[in-house]
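Secondary and tertiary structure notes
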Amino acid sequence: MAGHTFLVGGGWDVAEVYEPFLRAAARGGGGVPRIGCVIVDEGDGQRQFERYTEALGKAGACVPVPLLVPLGERFEPDGALDGVDGLLGCGGLTPAYQEAFAGCLERLPRLLAERGVPYAGFSAGAAVAARRAVVGGWLLDGVPVCPEDTGEDLAEIEVRAGLGLVPFAVDVHAAQWGTLARLVAAVGRGTVPYGVAVDENTLLEVGGEGARVAGRGRVHVVRPGGDAGVAVRSYAAGESFEVG
């Protein structure tokens, strides 16, 4: 697991969820941090970048830098990280973000660690931070487990290799989209070791052996239980739990 990683479950109502990430980035650069914003560009990348610029600006002083990756192409981290104090993996179609990072799943975490650059993920950017990333789907063996429109253009639940910045799987928009049930299905099937589902406008800050919740919603931790079941525990702002 890397150093501090910041996972935002989506939502645009609480800019303060970015504050811990910006503070971590500022410590690395010694001034106003430059934040690289990785956006899979489906034709509206600049407009999406402006949206993140506004949200980050409300959270604190920073200089957002657009790192647009055309849909279907790969993110190249070596040059992109030059002069960047923090990296934000933005939101969009989660399978497309996994494909964008697929060529640097080992190299990007190593570069972040070597340069002391913290990573934050918003929605899809949070999901792909996992070692085993739940990228979408709404069916388990043909049986619905969450709403079809949350499937990310996938039918069956799909798990792919992620960045490995956190040891657990991540799902997002949990309370708003009903995706906690998808994570429960993935953990129950054993396709991921355990996972966290993050509500919108909610931050999970992960560092060392612990994780801390901030924001308006909750983080729901799903672990294997007895008799092939699972155990779910929810944590509110200010609460912490161990990771491993």
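First things first, this report covers the structure right here in the doc. Quick caveat: nothing in here was measured; it's all calculated off a predicted structure.

1. What about the overall build of the chain?
Helix and strand counts for the chain come out as eight helices and 16 strands. The globule rule puts the C-alpha radius of gyration for 244 residues at 18 Å, and the 17 Å found for the chain is close to it. Principal-axis analysis of the C-alpha atoms places the extent of the chain at approximately 50 × 40 × 30 Å. In the chain, buried positions account for 54% of the 244 residues. Counting only contacts in the chain whose residues sit at least 6 apart along the sequence, the fraction spanning at least 24 positions is 71%. Only carbon and sulfur atoms are counted for the fraction: they give 48% of the accessible area of the chain, which is about 10,000 Å². Distance from the positive charge centre (20 side chains) to the negative charge centre (31 side chains) of the chain: 5 Å.

2. Considering the sheet that holds strand S11 (residues 195–198)
The strand order across the open sheet formed by four strands is S10-S11-S14-S15, and the pairing between neighbours is mixed. Two strands in the sheet have a free side with no partner beyond their single neighbour: strand S10 (169–172) and strand S15 (230–235). For this sheet, the mean angle separating the axes of adjacent strands, direction not counted, is 20°. Sheet topology places S11 next to strand S14 (residues 219–224); four bridges connect them, and they run antiparallel. Counterpart to Ala197 in the pairing with S14 is His220.

3. Description of the pattern of salt bridges
Where charged atoms of side chains with opposite charge meet at close range, the side chains can pair. Summed over all chains, the structure comprises nine salt bridges. Residues Glu99 and Arg160 are paired through a salt bridge, measuring 3.4 Å at the closest nitrogen-oxygen approach. Of this pair, Glu99 sits in helix H4 (residues 94–101) while Arg160 sits in strand S9 (residues 158–161), and the two are 61 residues apart along the sequence. Judged by its relative accessible area of 38%, Glu99 falls in the partly exposed class. A relative accessible area of 17% places Arg160 in the buried class. One connected set of salt bridges, linked through shared partners, spans Glu76, Asp78 and Arg107.

The rules we used
Residues numbered from 1 in each chain as written. Predicted model: local features only at pLDDT ≥ 70, side-chain atom pairs only at ≥ 80, totals over all residues. Heavy atoms only, no water. Helix = DSSP H or I, 4+ residues; strand = E, 2+ residues; numbered from the N terminus. Rg over C-alpha atoms; globule rule 2.2 N^0.38 Å. Buried < 20%, exposed > 50% of the residue type's maximum accessible area, 1.4 Å probe, protein only. Contact = heavy atoms within 4.5 Å. Areas by Shrake-Rupley, 256 points an atom, 1.4 Å probe, with all protein chains shown as cover. Lys, Arg positive; Asp, Glu negative; His and termini not counted. Charge placed at Lys NZ, Arg CZ, Asp CG, Glu CD. Pairing = 2+ DSSP bridges. Axes fitted to C-alpha atoms, helices over the stretch in contact; angles between N-to-C directions. Salt bridge = Lys/Arg side-chain N within 4 Å of Asp/Glu carboxyl O.

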